[in-house]
Structure formats: structure tokens, C-alpha cells
Amino acid sequence: MSALTLSNYLTVLALCLLVLAGSALRSPHGPTQGASLGSIVLMAVYVIAGPATAVVVAGVGSLVQGKQVPLIKRVFNSGQRILTAAGGAVVFVAVHGPVGASALTEEPRAILAVTLTGIAHRCVNAVLTAAVLWLERGRAVVGAFFREVVLATALPMLGYGYLGLVMAFVWLGGLGLVAGLITLVPLVVARWALSQDAAERAAQAATMRAFIQVIETKDLYTRGHSERVSEGVGMLGRHLQLPADRQQALEHAGLLHDVGKVGVPTSIIRKPGRLDDSEMDAIRLHPARGVELIGNIPFLEEVKSAVLHHHEKYDGTGYPAGLSGTNIPYFARMIGIVDAFDSLTSTRSYRPARSVEETVAILLQDRYTHFDPELVDAFVAVIRRDGWKPAAAVQPAPNAELETSIDHDDLSLGSGGGASGTAAGPA
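What you are looking at is a predicted structure, and each value in this text was computed from that prediction instead of being measured.

## What to know about the overall build of the protein
Helices and strands together make up the secondary structure of the protein, namely 17 helices and zero strands. Buried positions account for 47% of the 427 residues belonging to the protein. Excluding contacts between residues fewer than 6 apart, the proportion of contacts in the protein whose partners are at least 24 apart in sequence is 68%. For the protein, the accessible surface area stands at approximately 20100 Å², while carbon and sulfur atoms represent 63% of it.

## Comments concerning the side chain of serine 78
In this fold, serine 78 is placed in helix 4 (residues 71–94). When sequence neighbours within four positions are dropped, the list of residues in contact with serine 78 reads Ser62 and Gln65.

## Re empty space enclosed by the protein
Across all of its chains, the model carries two cavities of 30 Å³ or more by this definition. Roughly 80 Å³ of volume is contained in the second largest cavity. Lining the second largest cavity are 13 residues, and of these Glu312, Arg333, Gly336, His370 and Phe371 lie nearest its centre. For the lining of the second largest cavity, the leading source of residues is helix 15 (residues 330–344), giving four residues. Within the lining of the second largest cavity, the residues separate by chemical class into five nonpolar, five polar and three charged.

## Topic: the packing of helix 12 (residues 277–284) against helix 13 (residues 286–294)
Think of two packed helices as two axes; the pair is described by the angle between the axes and how far apart they sit. At a minimum axis distance of 5 Å, the contact between helix 12 and helix 13 shows a crossing angle of 35 degrees. Contact with helix 12, carried on its side by Ala282, Ile283 and Arg284, involves His286, Pro287 and Arg289 of helix 13 and no other residues of that element. The residue makeup of the contact of helix 12 with helix 13, split by class, is three nonpolar, one polar and two charged.

## Structural notes on the nonpolar core
Of all hydrophobic cores here, the largest spans 36 residues; its most connected members are Phe341, Phe379 and Ile383. Of all elements in the fold, only helix 9 (225–239), helix 10 (244–256), helix 13, helix 14 (304–309), helix 15, helix 16 (356–365) and helix 17 (373–386) reach the threshold of two or more residues within this core. Those residues within four positions of phenylalanine 341 in sequence are excluded, and the remaining contacts are Val356, Thr359, Val360, Leu363, Phe379, Ile383 and Trp388.

## Some words on a nonpolar patch on the surface
A surface patch of nonpolar side chains, about 300 Å² in accessible area, is lined by Leu10, Leu13 and Leu17. Mapped onto the elements of the fold, leucine 10 is located in helix 1 (residues 6–23).

## Section: the pattern of salt bridges
Overall, the coordinates contain nine salt bridges when judged by the stated rule. Across the pair lysine 261 and aspartate 258 runs a salt bridge, and its minimum N-O distance is 3.7 Å. With respect to class, lysine 261 is no different from aspartate 258; both count as buried.

## Overview of the packing of aromatic side chains
One pass over the full model with this rule turns up five aromatic pairs. Considering the side-chain rings of phenylalanine 379 and tryptophan 388, the 6.4 Å spacing of their centres and the 75 degrees angle between planes classify their relative orientation as edge-to-face. Under the relative-accessibility criterion, phenylalanine 379 is labelled buried at 0%. Every member of this aromatic cluster is reached through a ring pair, and the members are Phe341, Phe379 and Trp388. Here arginine 284 stacks its cationic end above the ring of tyrosine 319, 5.9 Å away from the centre of that ring.

## Focus on the packing of helix 9 against helix 15
Taken N-terminus to C-terminus, the directions of helix 9 and helix 15 make an angle of 130 degrees; their axes are 9 Å apart at the nearest point. Considering the angle they form, helix 9 stands oblique to helix 15. The crossing of helix 9 and helix 15 is right-handed. Between helix 9 and helix 15, the contacting residues are His225, Arg228, Val229, Gly232, Val233, Leu236 and Gly237 on the first element and Met334, Ile335, Val338, Asp339, Asp342 and Ser343 on the second. The class makeup of the residues in the contact of helix 9 with helix 15 is six nonpolar, four polar and three charged.

## What to know about helix 10
Helix length check: helix 10, at 13 residues, gives a terminal C-alpha distance of 19 Å against a target of 18 Å (1.5 Å per residue), a fit within 8%. Those residues of helix 10 that fall on the buried side of the exposure criterion are Gln247, Ala249, Leu250, His252, Ala253, Gly254, Leu255 and Leu256.

## Points about the confidence of the model for the protein
Model confidence for the protein is summarised by a mean pLDDT of 76, while 72% of its residues fall at 70 or above. Throughout residues 27–34 the model reports pLDDT below 50, and contacts reaching past four residues in sequence, or to other chains, amount to 22 contacts. Predicted confidence is poor over residues 400–427, with pLDDT under 50, and the contacts of this stretch with residues over four places away or in other chains come to 87 contacts.

## Observations regarding unusual backbone geometry
Here tyrosine 319 and proline 320 are connected by a cis peptide whose omega angle stands at 10 degrees. Mapped onto the fold, proline 320 is located in the loop between helix 14 and helix 15. Despite not being glycine, histidine 96 has its phi angle at roughly 55 degrees, a positive value. Mapped onto the elements, histidine 96 comes out in the loop between helix 4 and helix 5 (102–105). For histidine 96, a relative accessible area of 58% translates into the label exposed.

What counts as what
- Residues numbered from 1 in each chain as written.
- Predicted model: local features only at pLDDT ≥ 70, side-chain atom pairs only at ≥ 80, totals over all residues.
- Heavy atoms only, no water.
- Helix = DSSP H or I, 4+ residues; strand = E, 2+ residues; numbered from the N terminus.
- Buried < 20%, exposed > 50% of the residue type's maximum accessible area, 1.4 Å probe, protein only.
- Contact = heavy atoms within 4.5 Å.
- Areas by Shrake-Rupley, 256 points an atom, 1.4 Å probe, with all protein chains shown as cover.
- 1 Å grid on protein atoms, 1.4 Å probe; cavity = no way out; pocket = protein on both sides within 12 Å on 5 of 7 lines; lining within 4 Å.
- Points joined across faces, edges and corners; volume = space filled by probe spheres on them.
- Nonpolar A, V, L, I, M, F, W, Y, C, P; charged D, E, K, R; others polar.
- Axes fitted to C-alpha atoms, helices over the stretch in contact; angles between N-to-C directions.
- Core = buried A, V, L, I, M, F, W, Y, C linked by side-chain atoms within 4.5 Å.
- Patch = residues over 30% accessible without salt bridge, like charges linked within 9 Å, V, L, I, M, F, W, Y side chains within 5 Å.
- Salt bridge = Lys/Arg side-chain N within 4 Å of Asp/Glu carboxyl O.
- Phe/Tyr/Trp six-rings, centres within 6.5 Å; stacked < 30°, edge-to-face > 60°.
- Lys NZ or Arg CZ within 6 Å of the ring centre and 35° of its normal.
- Parallel < 35°, antiparallel > 145°, perpendicular 65-115°, else oblique.
- Left-handed = near helix turned anticlockwise from the far one by under 90°.
- Expected span 1.5 Å × (residues − 1).
- pLDDT = per-residue confidence, 0-100.

This is how it looks when you write it as C-alpha cells:
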């Protein structure tokens, strides 16, 4: 903008209004969670009005923040957005990005400039966010942030940049402000559709939480077990690079694997001593009862086999069907490993918790007999890389004098569903 004419001012004003509107609309979930449509407008500003104007427009867009955001965070967020836009501006200038009508005749250079500017924009934003995470939560979360947020959203955010370039071309082609409406309105409609999906997912999560709460009121010692199993199989699934839909189904199955225990008498679940044959039969029915409970919930259709067969054993001595090897459903094999791992590293009424290293040794020893050897190796690699936070100590402490030859919650361990194997708990 070499000469600030009325037209220039009106263009900047229109872009500021668009970025304010876009910043107020944020993606409700998914890989671009938290990404506002204002970032599309901002990328268009680099091409329409130049990098300096983009920094100004970013500052205006930062005025839109949640009402509950504290003042100090508002200041930081505004500074972060301005610095991020400035980082992109430096790159845009460095590669001689075309501004205004020249962009229409230099499309390859415009595409290159927007690509590199988008990368710079993302990098500066990621570094600033990582610095805050480091200060607030420590170094451990920074790696997860880059791995699970920055890398996961890299391509979607680059796509946002190209949408901004399209908006700029349409704007400079003569449509002006209408270009913003043409670009943003379809995205607003898509956002509304995603919000409906997000509401459905929230309802699904509430359904599962209700199931788990019913189970965990039965036994103080197993509270949090289902969430830890879901988290553990989630770690394993990500390590094995499962597709997103399969990953979600796996975590649902991990969360609901013991839902059938809602039908097991509380007196059996809480019994601190040895279970008799009829009590063991009641325990062994919980996978089938779990399938009955979730059988009429459509979004859980694909987790049924995992819930039903998570107590099968690799050598065929498990239950309810005596399946062996790869005939056991894949998710069920994964849940069996994590279920046993969390059970052994947690205190029970009839035995104390084992250490993580001791339990890892047990898993490795019981490869081929109780557990899929390849999945055990993968899970052990995950634990040794990322660590594991065992369940907190529970009071009252277990009674060490009880003679318990069968572990209530460790039925995937030892031969025949009992406690004669190396992973059986107290001798």
C-alpha cells in the first residue's frame, strides 16, 4: 500500500471485519480443533494488501476471545497472534510474495509464498505455545504437543492457507468483499454440521461414562481401571498407527471391556478371599453380559467382539469361546494385554500391586501362552518409551494373610482363567 487512498482504507476495514467474523467461528473438533476461520482470512490478507497489513489485521482479530479468558491470557494470546503473523510476514517478504493485482499474473510465486508463509506461521505459533506449555506443565508435555497437535494438524492448516489464497484470487479478480462471503459461508455451514457431530459424540461419551460409573461404584479397588485400560490401548493403537476411526473404536472397547460386571453381584466383586466355582462362573459371564448391554447401541457395534473375547488366551485356554492365536479378535488381544497389565500394577483387596518392571517381565514371560507375542512386544516398547502411571494406592490395604489362588480381576492370567500361571498374583 504505497498510497493510502480511501479505497485502501475500505479494503483494510473490510478485511478487519472479515477476520473478526472468522475468528469468532472456530472448528469444534477434529484435527483442526481450535483453528479459526480467521486464519483463512489472514492468509488472504498477505496477498491482497501485503504483509504489514496482515500483522495489523491479526492484531484486530485477536480482539475476539472467550469471555472467560483471564486478562493475562488475553494479552498473551494477542501477542502470540501478532508475532505469528509477523513471522509469516518476514517469510512472505523474503520470498518476494506478490501483493495485489500482480498475484494474478504470478500464480506460481503466490502459491510458493503462501506455502512458506503458512509453514512459518505454524512454526512460530507452535514454538510460542510449546514455551508456555513447558513453563506451565514441564518438558514432558512438549513432545506430546508437537507429536499429537502440531504434526497432526500440519496438513489441515496448510489447506487453510490455500483456501486463503483462493479467497485472495477471487477478491483481486473483482469480487472484493463478496469473495470473503463465497469462501467463508460454505465453511460456516460445514462447521455447523461438524458441531452436530460433536454433540452426538458428547452424548456417546456421556453414555459410556454412565456405564463405567455404575461398575466402579461396586468396588473401590477397581476405580479408574476402565479409563486406564482405554488409555493404555490408545497408546498401543497410536504406536501401531491405527487409522483414526479404528483408534476411536479401540479406545471405546477398552473403556467398556468390563461393562458386563454391572450384572455381577457386588458381594462377589468385593469378596477378598477365594471364589468358589459358582462365583467364578458368575465372573466369567461378564463379557457376554457386556455385549448384551451394549448390543442395542449402534455406535458401539464394532466393539462387541473385543468386549466378548478380551479374556481369551493366545494358547486357547481362555474363555468364553476358547479361541487361540489370531482367531482372537485383534482388539480383544490388545485389551487382554493392557487389562492384565493394569490389574497387576493396581492394588486389589486380595493382593498388593506389582511394580511396572515386574509386570513387564510377566508379560514377556507369558508371550505365546496368554498373550499375542507381537502385541506384547509393541506394548512393552510403548511403556518403556512413554512410561506408565499406575493406579494410586487404595485404602484399606489388602489383607496379606488371605489365601487367594484365583484373582478376581486377573482372569486373563494363568491357565484356565485361574491363577496358576506366573501372572497369578499371590502364591
